[in-house]
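Observations on chain architecture
Each chain, letter by letter, is given below.
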Amino acid sequence: MTITITAFERSPDRGRGLARDMRVRWALEEVGQPYDVRLLSFKAMKEPAHLALQPFGQIPTYEEDDLALFESGAIVFHIAERHAGLLPDNANARARAITWMFAAVSTMEPPIVDREVAKLLEGDETWYERRLPFVEERIRNRLNELSCRLGDADWVDGEFNAGDLLMVSVLLRLKGSGILDEYPNLSAYVARGEARPAYKRAFDAQLAVFTAASVG
Ligand SMILES: N[C@@H](CCC(=O)N[C@@H](CS)C(=O)NCC(=O)O)C(=O)O
């Protein structure tokens, strides 16, 4: 049983670990599962072979025997369900951890991605500078709420779990924006995630891909 995931051949984030293969790598590292990576160019991502795996022509995907998955949240959930270490045994705690996984990708990530999309695709528009504060206000609203809930806890619900893995992955997208720094407990939360040995192994692996592509 070999697990194969897909990732950018040359990540637009220049190896900063923001592409969504990173959260899958991190989950696999947390549960100690080895994996192969198939690197794709933007062209290959839109070709039929990849579209058969990922209907939207994106990374990451996950293949294991006759199972093929897409959507990073679903992939992390699958890994967490199949292997010990990312979901609590207690049924209610497990349900809450899964709730936090959904919260990360469906409540926190959209406004954060909206800001990235605005910068990338709308940055030259005359209305960009006027729109940006509204986009950032929506992010701050969510960060405020999350910050209040986290308080001085280390993780969102007890021990580190897949909910934290996805939440930290999503919050990391704000690194460099200055916005996260306004919330010391969230900055510390993200730093705790980054300090995990599994995170570091995953980060180094994706960085090695970018470094090799740059010298190659
Ligand atoms: N909701 C999807 C989003 C996947 C996604 O946006 N992937 C990006 C890389 S992080 C991508 O492939 N972008 C290239 C494109 O959309 O053409 C997931 O979580 O897997």
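I will try to describe carefully the structure that is included in this document. None of the values given here were measured: they were computed from a predicted structure.

Looking now at unusual backbone geometry. Of the consecutive residues Ile-59 and Pro-60, the connecting peptide bond is found in the cis state with omega at 5 degrees. Relative to the elements of secondary structure, Pro-60 occurs in the loop between helix H3 (48–51) and strand E3 (61–64). The backbone of Asp-65 shows a phi angle near 50 degrees, a positive value even though the residue is not glycine. Along the chain, Asp-65 falls in the loop between E3 and strand E4 (67–70). At Glu-71, a residue that is not glycine, the phi angle is positive and equals roughly 75 degrees.

Let us look at the side chain of Arg-25. With respect to the helices and strands, the residue Arg-25 is situated in helix H1 (residues 21–31). For Arg-25, a relative accessible area of 2% gives the class buried. Engagement of the side chain of Arg-25 in a polar contact is seen with the side chain of Asp-21, the distance being 2.8 Å. The residues touching Arg-25, leaving out its near neighbours within four places in the chain, are Ile-5, Ala-7, Tyr-35, Val-37, Ala-202, Ala-205, Gln-206 and Val-209.

So, on to the site of the ligand. The ligand sits among Phe-8, Ala-19, Arg-20, Phe-42, Met-45, Lys-46, Gln-58, Ile-59, Pro-60, Glu-71 and Ser-72. Measuring from an oxygen atom of the ligand, one finds a side-chain N or O atom of Arg-20 at 2.9 Å. Contact between the ligand and Ile-59: a nitrogen atom at 2.8 Å from a main-chain N or O atom of the residue. In isolation the ligand has 510 Å² of accessible area, and contact with the protein removes 78% of it. Of the residues contributing to the shell around the ligand, the split by class is 6 nonpolar, 2 polar and 3 charged.

Two elements, strand E1 (residues 3–8) and E3, share 3 bridges in a ladder whose sense is antiparallel. Counterpart to Ile-5 in the pairing with E3 is Tyr-62. Two elements, E3 and E4, share 4 bridges in a ladder whose sense is antiparallel. Note on E4: the bridge partner recorded for Glu-63 is Ala-68. Hairpin connection of E3 to E4: 2 residues between the antiparallel strands, including Asp-65 at a positive phi of 50 degrees.

Position of Glu-136 among the secondary structure elements: in helix H6 (residues 128–150). In this structure the side chain of Glu-136 is engaged in a polar contact, spanning 2.7 Å, whose partner is the side chain of Arg-115.

Once that is clear, we can look at the pattern of salt bridges. If charged atoms from side chains of opposite charge come close, those side chains can pair. Counted under the stated rule, the structure contains 18 salt bridges. Lys-43 is paired through a salt bridge with Glu-47; the nearest N and O atoms lie 2.8 Å apart. Lys-43 sits in the exposed class, given a relative accessible area of 62%. Note that Glu-116 is salt-bridged to Arg-173, the shortest N-O span being 2.8 Å.

Right, let's talk about the pairing of strand E2 (residues 36–40) for a bit. By the bridge criterion, 5 bridges tie E1 to E2 in an arrangement that is parallel. Paired with Thr-6 across the two strands is Arg-38, which belongs to E2. In the classification by handedness, the crossover that spans E1, the intervening H1 and the parallel E2 is right-handed.

Our next topic: helix H9 (residues 197–215). When the terminal C-alpha atoms of H9 are compared, their 27 Å separation across 19 residues agrees well with the 27 Å that a helix rising 1.5 Å per residue should span. Of all the residues in H9, the buried ones are Ala-198, Tyr-199, Ala-202, Gln-206, Val-209, Phe-210 and Ala-213. The arc that holds every buried residue of H9, seen down its axis, measures 115 degrees, which confines them to one face. Structural note: H9 exposes Pro-197 and Val-215 on the side pointing more than 90 degrees away from its buried face.

The rules we used
- Residues numbered from 1 in each chain as written.
- Predicted model: local features only at pLDDT ≥ 70, side-chain atom pairs only at ≥ 80, totals over all residues.
- Heavy atoms only, no water.
- Helix = DSSP H or I, 4+ residues; strand = E, 2+ residues; numbered from the N terminus.
- Buried < 20%, exposed > 50% of the residue type's maximum accessible area, 1.4 Å probe, protein only.
- Polar contact = N/O pair within 3.5 Å; in protein donor to acceptor, adjacent residues only side chain to side chain.
- Contact = heavy atoms within 4.5 Å.
- Near = heavy atom within 4 Å.
- Areas by Shrake-Rupley, 256 points an atom, 1.4 Å probe, with all protein chains shown as cover.
- Nonpolar A, V, L, I, M, F, W, Y, C, P; charged D, E, K, R; others polar.
- Pairing = 2+ DSSP bridges.
- Salt bridge = Lys/Arg side-chain N within 4 Å of Asp/Glu carboxyl O.
- Right-handed = clockwise from strand over helix to strand, strands pointing away.
- Expected span 1.5 Å × (residues − 1).
- Arc of directions from axis to C-beta.

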